[in-house]
Amino acid sequence: MSGTKSGGHADDPFQEGGGSLLRQPKAVWATAGASVVAFMGIGLVDPILPSIARGLHASNSQVSLLFTSYFLITAVAMLVTGFVSSRIGGRRTLLAGLALVVVFAALSGMSGSVGELVGFRAGWGLGNALFVSTSLAVIVGAAAGGSAAAILLYESALGLGMACGPLLGAILGDMKWRYPFFGTAALMAIGFVAITAFLKEQHRPARKTSLLDPLRALGHGGLASAAVAAFFYNYAFFTVLAFTPFVLDMSPSRSGGVFFAWGVLLAVFSVLVAPRLQHRFGSLKVLGGSLLLLAADLLVLGYGDHTTAVVCTVLSGAFIGLNNTVFTELALGVSDTPRPVASAGYNFVRWFAAAAAPFLAPKIEEWTDLHVPFVVAAAAAAVGAGIVAVRRRALTIEAAEPEPRHAARDGVSAFAN
């Protein structure tokens, strides 16, 4: 893709094929609504991390394990979700994921120790992986108006969930830190009922996915390069998401407002801005520049005063939105591996960084000082940019798929998958 410029939506997703974004079957709305809640669960704990630490008499590094356990299980589950959904079907996979989230979110709210909470978040991560990895394929398969409208609807759900998760956590967390977990369980239970009532089983893929297929896909140099670069980027990303709340040290409501603004920028730059910049400058230039800007933003965040830290936290959402979109499109187009398999292998690698950053950032602070975790995160983002530059030729798109925003049609998303 180094010499390729990627466009945005070539078609009008609001009127493709005579359909409309808003005129969708109930099954689509049920799945999209549950997707919003699933994405909310990722950032839900952000505003209440300090409250959880106080409530359970835990250290910052112990509470950060809520992210580590969640994303460690998510990474491993990437090898399993395709195996499961290709055998039991999309509807049953969605319902299994929702059921796990309902159970483990409720158990999280009843935790009596930080160890219990970390364990229940791991179960929650498995459920979310099963649901999120399948939901886009289900929406595209059931939607009216063509794939562009379905993908836009899904990505809107993604952005809304990422923005509203911290807000819900703040509103309920202001009353008690346990309430956001119960709220998520209740909303996901509603999603379970809605999907049970409105979604019919879809056709299963002709070929069943094996557990080793995603690992074999990483034998392609371009896909492996994208995955390793994304690994370093994700370390920077999740340092912001999991460690910054301790640095800001704000009330749940104020912290929720900061991360709501962060999520809005993430959604806008992922869905609206990234395709336009790709079309003008090319994907690799956008990715390299965005990673370097994220690195600079993290350095200023780490060494600035409190107001500067708030501004830089919000601003990082813009760079993260750009990176999420371009990285996923690279991973899906750089090899001729079937997209769900390529996505699983790519995400298997990068989610390990999402598990590592929340654990290491507080530890680095304990060993050094408050600034160094952000220096490490900035260095990780810069390393990602370096890999993109050095492996530029390997990262050139080889697959003949001219419309990158349609690359999600096989069941992947710019963030969650």
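Residues numbered from 1 in each chain as written. Predicted model: local features only at pLDDT ≥ 70, side-chain atom pairs only at ≥ 80, totals over all residues. Heavy atoms only, no water.

Colleague: How do you make sense of the packing of helix H9 (residues 221–248) against helix H13 (residues 339–367) when you look at a structure like this?
Modeller: When two helices pack together, their arrangement is given by the angle between the helix axes and the distance between those axes. The interhelical angle for the contact between H9 and H13, taken along N-to-C directions, is 35 degrees, at an axis separation of 7 Å. Read as a crossing pair, H9 and H13 show a hand that is right-handed. Looking at the contact of H9 with H13, its residues break down into 24 nonpolar, two polar and two charged. (Axes fitted to C-alpha atoms, helices over the stretch in contact; angles between N-to-C directions. Helix = DSSP H or I, 4+ residues; strand = E, 2+ residues; numbered from the N terminus. Left-handed = near helix turned anticlockwise from the far one by under 90°. Nonpolar A, V, L, I, M, F, W, Y, C, P; charged D, E, K, R; others polar.)

Colleague: For this particular structure, what's the right way to read the packing of aromatic side chains?
Modeller: Here a ring pair, both rings aromatic, is described through the centre-centre distance and the interplanar angle of the planes. Enumeration according to the criterion identifies 17 aromatic pairs in this entry. Of note, Arg87 hangs over the ring of Phe83, and the distance from its end group to the ring centre comes to 3.8 Å. Arg121 extends its terminal NZ or CZ atom over the ring of Phe67, reaching a point 5.9 Å from the ring centre. (Phe/Tyr/Trp six-rings, centres within 6.5 Å; stacked < 30°, edge-to-face > 60°. Lys NZ or Arg CZ within 6 Å of the ring centre and 35° of its normal.)

Colleague: Explain unusual backbone geometry to me, please; I cannot follow it from the model alone.
Modeller: When glycine is set aside, most residues are seen to have a negative phi, and most peptide bonds are trans. Positioned with a positive phi, His57 is a non-glycine residue whose angle comes to about 55 degrees. Here His57 lies in the loop between helix H2 (49–55) and helix H3 (60–88). Under the relative-accessibility criterion, His57 is labelled exposed at 74%. A positive phi is found at Asp249, a non-glycine position, where the angle reads about 50 degrees. Within the element layout of this structure, Asp249 appears in the loop between H9 and helix H10 (252–281). (Buried < 20%, exposed > 50% of the residue type's maximum accessible area, 1.4 Å probe, protein only.)

Colleague: In this structure, what is going on with the side chain of Ser283? I would like to understand it.
Modeller: Position of Ser283 relative to the elements: it lies in helix H11 (residues 283–303). Ser283 gets classed as buried once you look at its relative accessible area, which sits at 0%. In terms of polar contacts, Ser283 uses its side chain to reach the side chain of Gln278, at 2.7 Å. (Polar contact = N/O pair within 3.5 Å; in protein donor to acceptor, adjacent residues only side chain to side chain.)

Colleague: Help me understand the side chain of Asp297, please; the structure alone is not making it clear to me.
Modeller: Tracing the backbone shows Asp297 in helix H11. One buried charged side chain, Asp297, makes no salt bridge at all; its nearest oppositely charged neighbour is Arg350, positioned 17 Å away. (Lys, Arg positive; Asp, Glu negative; His and termini not counted. Salt bridge = Lys/Arg side-chain N within 4 Å of Asp/Glu carboxyl O.)

Colleague: Where do I start with H3 in this structure?
Modeller: Residue pairs three or four apart in sequence face the same way in an α-helix, which turns once every 3.6 residues. Over its 29 residues, H3 extends 40 Å from the first C-alpha to the last, a length consistent with the 42 Å expected when each residue adds 1.5 Å. At Ala77, H3 is bent by approximately 45 degrees, the largest bend along its length. Phi turns positive, to about 95 degrees, at Gly89, one or two residues after H3. (Expected span 1.5 Å × (residues − 1). Bend = angle between axes of the 7 residues up to and from the residue.)

Scope: geometric values only; no functional claims are made or implied.
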